[in-house]
Amino acid sequence: METTGMERIYYLADSILRLVYVNVLFILFTLLGLVVFGFFPALTATFYIVRKWLTGNSDIPITKNFWWFYKKELIRSNGMGWLLTLAGFLLYINLTIAEVINHPIIQLSYYPILSVMIFFLCFCLYVFPIYVQGHMSILRTMRTAFTSLLYSPLKTIIMAAAVLITFIILNYIPGLIPICGISTLALIITMGQGDRLFVPRERRIKE
């Protein structure tokens, strides 16, 4: 049966509300882990829920599955997340040093380090969507993310551009980031991996 305009509006509104709800869960569970230990488990749980939606499992109980994945990946997601954070921090420090120190040789390294930094940020776009796909070690997850980054440069550029534009829009409108920022970015990034958008309402049931 053909979908009417009103039904499409309803699907869109329902999808937005679900994104808002998952974003609220992300904030609450980040605080539950005292931020330091809660951010990365909450982030991976957000990607897990979004991926479930995009692969046709949008009838899953959101809170129950979010909490289950949060507990399940509490240690591993923190290990992977803080490893990436340390690598990014070291790159940032080296980039800052190359920018501020007035020495020709050191300043010459600025653009190579900047290129590595951009490559690293693009690499991070692949890590969490791949991480939630299956039971892989942290090393294998990163290796797969690295391979995917090299294998699809055009897709990476499009996905990075979409993430950047989305972030600018979210940042431009006051209050939008805490309402649906993380879940929306997770949606954009996961869609960039090739997953499908939300399935119709008739394929879902209430929690």
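Residues numbered from 1 in each chain as written. Predicted model: local features only at pLDDT ≥ 70, side-chain atom pairs only at ≥ 80, totals over all residues. Heavy atoms only, no water.

### What about the layout of surface pockets?
Alright, step 1. What the largest pocket holds in volume is close to 770 Å³.
Alright, step 2. If you go around the largest pocket, you meet 27 residues; those closest to its centre are L43, L121, C124, L125 and I189.
Alright, step 3. Listing elements by their share of the lining of the largest pocket, those giving two or more residues are α2 (39-54), α4 (74-100), α6 (110-131), α8 (153-172) and α9 (176-192).
Alright, step 4. Considering every element that reaches the lining of the largest pocket, the biggest residue donor is α6, with eight residues.
Alright, step 5. Considered class by class, the residues forming the lining of the largest pocket number 23 nonpolar, four polar and no charged. (1 Å grid on protein atoms, 1.4 Å probe; cavity = no way out; pocket = protein on both sides within 12 Å on 5 of 7 lines; lining within 4 Å. Points joined across faces, edges and corners; volume = space filled by probe spheres on them. Helix = DSSP H or I, 4+ residues; strand = E, 2+ residues; numbered from the N terminus. Nonpolar A, V, L, I, M, F, W, Y, C, P; charged D, E, K, R; others polar.)

### Remarks on unusual backbone geometry
Alright, step 1. Although it is not a glycine, L34 sits at a positive phi angle of roughly 60°.
Alright, step 2. Residue position: L34 is located in the loop between α1 (5-32) and α2.
Alright, step 3. With phi around 70°, V35 is a residue other than glycine that occupies positive phi space.
Alright, step 4. One can find V35 in the loop between α1 and α2.

### Some remarks on the confidence of the model for the protein
Alright, step 1. The predicted model of the protein averages 89 in pLDDT, with 92% of residues at 70 or higher.
Alright, step 2. Mean pLDDT values over the elements of the protein span from 84, in helix α5 (residues 104-108), up to 97, in helix α3 (residues 62-72).
Alright, step 3. In this model residues 195-207 is a low-confidence stretch, pLDDT under 50, and it forms 36 contacts with partners more than four residues away in sequence or in other chains. (pLDDT = per-residue confidence, 0-100. Contact = heavy atoms within 4.5 Å.)

### Quick look at the pattern of salt bridges
Alright, step 1. Summed over the entire model, instances satisfying the criterion amount to three salt bridges.
Alright, step 2. In this structure, D14 and R18 form a salt bridge, with 3.7 Å as the shortest nitrogen-oxygen distance. One end of the pair, D14, and the other, R18, are both in helix α1, four residues apart, so they sit about a helical turn from each other.
Alright, step 3. With relative accessibility at 9%, the residue R18 sits in the buried group.
Alright, step 4. It is possible to trace a salt-bridge network through shared partners that takes in K72, E73 and R76. (Salt bridge = Lys/Arg side-chain N within 4 Å of Asp/Glu carboxyl O. Buried < 20%, exposed > 50% of the residue type's maximum accessible area, 1.4 Å probe, protein only.)

### What about the state of the cysteines?
Alright, step 1. Under the counting rule described, the total for this entry stands at zero disulfides.
Alright, step 2. Cysteine C122 remains unbridged, with the sulfur of C124 as its closest cysteine sulfur at 9.2 Å. (Disulfide = S-S within 2.5 Å.)

### Quick word on the packing of α2 against α3
Alright, step 1. Here α2 crosses α3 at 135°, and the two axes come no closer than 8 Å. Regarding the angle of α2 to α3, the classification is oblique. Between α2 and α3 lies a crossing whose hand is right-handed. Across from P41, A42, T44, A45, T46, Y48, I49 and W53 in α2, the residues of α3 making contact are I62, N65, F66, W68, F69 and Y70.
Alright, step 2. Residues of the contact of α2 with α3, tallied by class, amount to 11 nonpolar, three polar and no charged. (Axes fitted to C-alpha atoms, helices over the stretch in contact; angles between N-to-C directions. Parallel < 35°, antiparallel > 145°, perpendicular 65-115°, else oblique. Left-handed = near helix turned anticlockwise from the far one by under 90°.)

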